[in-house]
Amino acid sequence: RVVGGQGGDGGQSFHSEPRKVFGGPDGGNGGDGGHVIFKADQQMKSLASVFRFYQGFHGERGGSKNCYGANGAHMYVKVPVGTLVKEDGEVVADLTQHGEEYIAAHGGAGGRGNRFFLSNENRAPKLFTPGEPGQERVLHLELRTTAHAGLVGFPNAGKSSLLRAISRAKPAVAAYPFTTLNPHVGIVHYQDYEQVAVADIPGLIRGAHQNRGLGMAFLKHIERCRFLLFVLDLSVPQPWSQLHDLKYELEAYEKGLSERPCVVVGNKVDLAQSRINLALLREQVAERVIAVSALTGENLEELLLHLRELYDTYVKTEHSQGQSPVKW
């Protein structure tokens, strides 16, 4: 709930000094109330620090000697990049760029002082108006992670371990499903100072598009990703069935989502059974398969080079369409 600051009341006073007793009205106008503004900030990673209620600062009352009241200061609320602002189910703002702002509640206008009502017909007006109340709204904030690449896979496929291996992010890693409950974004640094953001999305299960498991909490974050990394566990029988299930869930949630640029990452190649399954996987799928081991670091360089190729292609496509690519 956001409420803009109330405008200050107009002043009512008459000027009086020696040898000028009837100096006329000199009440100034009140100051405007401050806005409540949402501002996207890269340093913010979640909506946990956003409070349920914000009140803008009030404007000050108009003073004598034609002094206007001070405007109320604007209240800035920092939110993560990728925050959606909804009102009554309708999207009213999409903050996808660092520094982007949205006025959530306008402050009220300041009242008029009696000086404002001076006229030839009324040389000594006593009328003044109060400040207007600020705008009041109830908004719903929803965070959808903004990253270049999204790690898509079943629970315990090794997505968090892979993100720890290629970036400085430290998502939790454990030997049980749904270790990751919230998306983590890791930044991959290259020698030319380019940075590629990779999101570790919570694990997907069959029926996620029907809100099973973490369901929509997972799938909403995939919408922001420009390209996908399908992480498969090579140690399980028929790993290509994982890819078919993942693509089916993405397509059932949003048509065309599974057709974004992608690469298949076969994880846990350090295990004996994985070597056998890797050859079978390459026969079954048409996409490029990169076999890696997040545990030992095997073949991570090939993955990072291909990740950069996907990023460069995305940047060229955005420039060709006259749009600015997301930078970290």
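Residues numbered from 1 in each chain as written. Predicted model: local features only at pLDDT ≥ 70, side-chain atom pairs only at ≥ 80, totals over all residues. Heavy atoms only, no water.

As annotated in an unreviewed UniProt entry, the chain carries the name Mitochondrial ribosome-associated GTPase 2 and comes from Zonotrichia albicollis. Recorded in UniProt for the chain, the comment headed Subcellular location (unreviewed entry) runs: "Mitochondrion inner membrane". Within the UniProt record for the chain, the comment given under Subunit (unreviewed entry) is "Associates with the mitochondrial ribosome large subunit; the association occurs in a GTP-dependent manner." (UniProt positions renumbered as here; feature names shortened; annotations may be inferred.)

Colleague: Which parts of the structure should I look at to understand the sheet that holds strand β5 (residues 83-87)?
Modeller: For sheets, the rule is that strands pair by backbone hydrogen bonds, running either parallel or antiparallel. Within the open sheet, the 3 strands sit side by side as β6-β5-β9. Their pairing is antiparallel. In this open sheet, the two strands that pair with only one neighbour each are β6 (90-95) and β9 (140-143). In this sheet, neighbouring strand axes are inclined to one another by 25° on average, regardless of whether the strands run parallel or antiparallel. Pairing of β5 with β9 involves 4 bridges; the strand directions are antiparallel. Paired with Val-85 across the strands is Leu-141, a residue of β9. (Pairing = 2+ DSSP bridges. Helix = DSSP H or I, 4+ residues; strand = E, 2+ residues; numbered from the N terminus. Axes fitted to C-alpha atoms, helices over the stretch in contact; angles between N-to-C directions.)

Colleague: Would you explain the pairing of strand β13 (residues 227-233) in this entry?
Modeller: Within a regular strand, side chains alternate between the sheet's two faces. Across the 7 residues of β13, 7 count as buried, placing the element largely inside the fold. Pairing geometry for strand β10 (residues 149-152) and β13, over 4 bridges, is parallel. Its bridge partner lying in β13, Gly-150 is registered against Leu-228. Across 6 bridges, β13 lies against strand β14 (residues 262-267) in parallel orientation. The residue of β14 that forms the bridge with Leu-228 is Cys-262. You can see the chain leave β13, run along helix α3 (residues 240-253) and come back into β14, and the turn it takes is right-handed. (Buried < 20%, exposed > 50% of the residue type's maximum accessible area, 1.4 Å probe, protein only. Right-handed = clockwise from strand over helix to strand, strands pointing away.)

Colleague: Is there a simple way to think about unusual backbone geometry in this case?
Modeller: Backbone geometry follows two general trends: most residues other than glycine have a negative phi, and most peptide bonds adopt the trans configuration. Here Asn-66, not a glycine, exhibits a phi torsion of approximately 60°, which is positive. For Asn-66, a relative accessible area of 36% puts it in the partly exposed group. Look at Asn-299: it is not a glycine, yet its phi comes out positive at around 65°.

Colleague: How should the sheet that holds strand β3 (residues 54-55) be read in this particular structure?
Modeller: Sheet architecture is open: 3 strands sit in the order β3-β1-β8, paired in mixed fashion. Since the sheet does not close on itself, it has two edges, and those belong to β3 and β8 (136-137), each with one partner. Bridge count between strand β1 (residues 2-3) and β8: 2 bridges; the pairing is antiparallel. For Val-2, the partnering residue across the bridge sits in β8 and is Arg-137.

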